Amino acid sequence: MNIAYYLLPKHCVTYLYDDQTFRQGLEKMRYHGYSAIPVITRQGRYVGTISEGDFLWQLVPEDAVPHSRKDLEKRIVRDILRENHYPPVRITATIEELVNSAMKQNFIPVVDDLGSFIGIVTRRDIIRRLSEQTAATNEALRKIV
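Residues numbered from 1 in each chain as written. Predicted model: local features only at pLDDT ≥ 70, side-chain atom pairs only at ≥ 80, totals over all residues. Heavy atoms only, no water.

## Structural notes on the sheet that holds strand 7 (residues 117–122)
The line we're drawing: At least two DSSP bridges between two strands are needed for those strands to be called paired. Every helix listed is a DSSP run of H or I at least four residues long, and every strand listed is a run of E at least two residues long, numbered separately from the N terminus. The criterion used for residue contact is that any of the two residues' heavy atoms lie within 4.5 Å. Fitted lines through C-alpha atoms serve as axes, helices being fitted only where they are in contact, and the angles separating the N-to-C directions of these axes extend from 0 to 180 degrees.
Strand order in this open sheet of four strands is 1-7-6-5, and the pairing throughout is mixed. Across the chains shown, the open sheet's two edge strands, defined by having one partner strand only, are strand 1 (8–9) and strand 5 (89–90). Here strand 1 runs beside strand 7; their pairing, made up of two bridges, is antiparallel. Each bridged residue has a counterpart across the sheet, and for Leu8 the counterpart in strand 7 is Ile120. Across the sheet, helix 5 (residues 95–102) touches strand 5, strand 6 (107–111) and strand 7, and the angle it forms with strand 6 is around 135 degrees.

## Thoughts on a nonpolar patch on the surface
Quick note on the threshold: A patch consists of residues exposed above 30% relative accessible area that lack any salt bridge, with like charges linked at up to 9 Å and nonpolar side chains (Val, Leu, Ile, Met, Phe, Trp, Tyr) linked at up to 5 Å. Values of accessible area rely on a 1.4 Å probe in the Shrake-Rupley scheme; residue burial ignores everything except the protein chains shown. Any Lys or Arg side-chain nitrogen found within 4 Å of a carboxyl oxygen on Asp or Glu counts as a salt bridge. For every residue, the accessible area obtained with a 1.4 Å probe (protein chains only) is divided by the maximum for its type, and the residue is called buried under 20%, exposed over 50%, and partly exposed between those limits.
Together, Leu56, Leu59 and Val60 line one region of the surface with nonpolar side chains, adding up to about 250 Å² of accessible area. Among the structural elements, Leu59 can be located in helix 2 (residues 52–59). On the accessibility criterion, Leu59 (35% relative accessible area) is partly exposed.

The structure is reproduced here in structure tokens:
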């Protein structure tokens, strides 16, 4: 089965641009109540996913000297992204690849062949659809028997 069947398209997904400020990113996460949000460039390329923890670690840096509000206003989202956090899959990925990714993350960013962000697949949707398929298969087997 094609993973496009599971896809929540970009226009239905909350995301951040990599050039937005720390504050803008944090406000958007708070407003929507998400613990992680995809980050894209203004050209639409997927660059990573930012989480609440990424913001938290910026508030209390390694040297344990808290940043001032003014310092945080100067920080932008791309500066606090971690590498390989929520790696994307291509739209041509198999269901097995999708399930493997879903075991490690709540949602899987999906990109096209050029690396442009086209949407996400949520773990919940994968479980729901696989459960529906299993139920349908079981019902068909009951009718045969």
